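One letter stands for each residue in the lines below.
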Amino acid sequence: MRLIGLDPGLRHTGWGVIETAGNRPVHVADGVVHVPSRAPLAERLVELFRQLNAVLDAYRPEVAAVEETFVNKNPASTLKLGVARGVVLLAPAARGIAVFEYSANLIKKSVVGVGHAEKAQVEMMVKRLLPAALLATPDAADALAVAITHAHHLATSRRIA
């Protein structure tokens, strides 16, 4: 199964595509969607949607997994991130791709083993689990961690069933 992990952001949205081969995830591609920060919000959201659709066209995932939004101290920033996250959820869902959501703590616990792991720890474990990954940015590493989390949870639920 091919799946995409998405780490939402208004300026930088990380994405990572993996395939599951038995019990082991295999790296396909990863990167970041960059949206100009000076454009009006509506234009930024359209650009985010366009670029995500280009990634979805290129890699054709069967499933998408998205990191849930955490609450910032700044309510305006949290609201804008939530709007961007809506676009990130919409892009695969509009294509009929099933979308799953995971909290940041669950992702860190699934990949590192600790729910409050640092970004550097997540990146190191992603590199160990997916040695072929380039991980151009921490956003791409986070997106691959989301994909790995979904792959692990999917495998576990299949075993239980």
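The structure contained in this document is the topic of the report that follows.

Attention shifts here to the overall build of the chain. The number of helices and strands found in the chain is five helices and five strands. Ordered by position from the N terminus, the helices and strands of the chain form the series β-β-β-α-β-α-β-α-α-α. C-alpha extents for the chain along the principal axes are approximately 45 × 35 × 30 Å. In the chain, which comprises 161 residues, the proportion classed as buried is 42%. Considering only contacts in the chain between residues 6 or more positions apart, those separated by 24 or more positions represent 60%.

On the surface, Leu 41, Leu 79 and Val 83 cluster together to form a nonpolar patch covering roughly 250 Å² of accessible area. Mapped onto the fold, Val 83 is located in helix H2 (residues 75-93).

Spatially, the five strands line up as an open sheet ordered S3-S2-S1-S4-S5, and their pairing is mixed. The open sheet terminates on both sides in strands that have one partner only, identified here as strand S3 (24-34) and strand S5 (98-102). Averaged over all pairs of adjacent strands, the angle between their axes in this sheet comes to 20°, without regard to strand direction. Pairing analysis gives five bridges linking strand S4 (residues 63-67) to S5, with the strands arranged parallel. Looking at the pairing, Ala 64 lines up with Val 99 of S5.

Here the focus is the side chain of Arg 44. Following the sequence through the fold, Arg 44 ends up in helix H1 (residues 41-59). Of the buried charged residues, Arg 44 lacks a salt bridge, with Glu 43 as the closest side chain of opposite charge at 9.0 Å. Setting aside residues no more than four positions away along its own chain, Arg 44 makes contact with Leu 10, Arg 11, Val 35, Pro 36, Ser 37 and Ala 39.

With that settled, consider H2. Given a rise of 1.5 Å per residue, 19 residues ought to cover 27 Å, and the 27 Å separating the end C-alpha atoms of H2 matches this to within 8%. All of the buried residues along H2 are Thr 78, Leu 81, Ala 84, Arg 85, Val 87, Val 88, Ala 91 and Pro 92. Residues of H2 that are buried in the fold lie against strand S1 (2-7), strand S2 (12-21), H1, S4 and S5. N-capping of H2 is provided by Asn 74, with a side-chain oxygen placed 2.9 Å from the backbone N of Ala 76.

One can describe the packing of H1 onto H2 by two numbers: an axis separation of 9 Å at closest approach and a directional angle of 35°. In this structure, H1 crosses over H2, and the sense of that crossing is right-handed. On the side of H1, the interface is formed by Leu 45, Leu 48, Phe 49, Leu 52, Asn 53 and Leu 56, while H2 contributes Val 83, Ala 84, Val 87, Val 88, Leu 90, Ala 91 and Pro 92. When grouped by side-chain class, the residues that make up the contact of H1 with H2 number twelve nonpolar, one polar and no charged.

Criteria and thresholds
Residues numbered from 1 in each chain as written. Predicted model: local features only at pLDDT ≥ 70, side-chain atom pairs only at ≥ 80, totals over all residues. Heavy atoms only, no water. Helix = DSSP H or I, 4+ residues; strand = E, 2+ residues; numbered from the N terminus. Buried < 20%, exposed > 50% of the residue type's maximum accessible area, 1.4 Å probe, protein only. Contact = heavy atoms within 4.5 Å. Patch = residues over 30% accessible without salt bridge, like charges linked within 9 Å, V, L, I, M, F, W, Y side chains within 5 Å. Areas by Shrake-Rupley, 256 points an atom, 1.4 Å probe, with all protein chains shown as cover. Salt bridge = Lys/Arg side-chain N within 4 Å of Asp/Glu carboxyl O. Pairing = 2+ DSSP bridges. Axes fitted to C-alpha atoms, helices over the stretch in contact; angles between N-to-C directions. Lys, Arg positive; Asp, Glu negative; His and termini not counted. Expected span 1.5 Å × (residues − 1). Polar contact = N/O pair within 3.5 Å; in protein donor to acceptor, adjacent residues only side chain to side chain. Left-handed = near helix turned anticlockwise from the far one by under 90°. Nonpolar A, V, L, I, M, F, W, Y, C, P; charged D, E, K, R; others polar.

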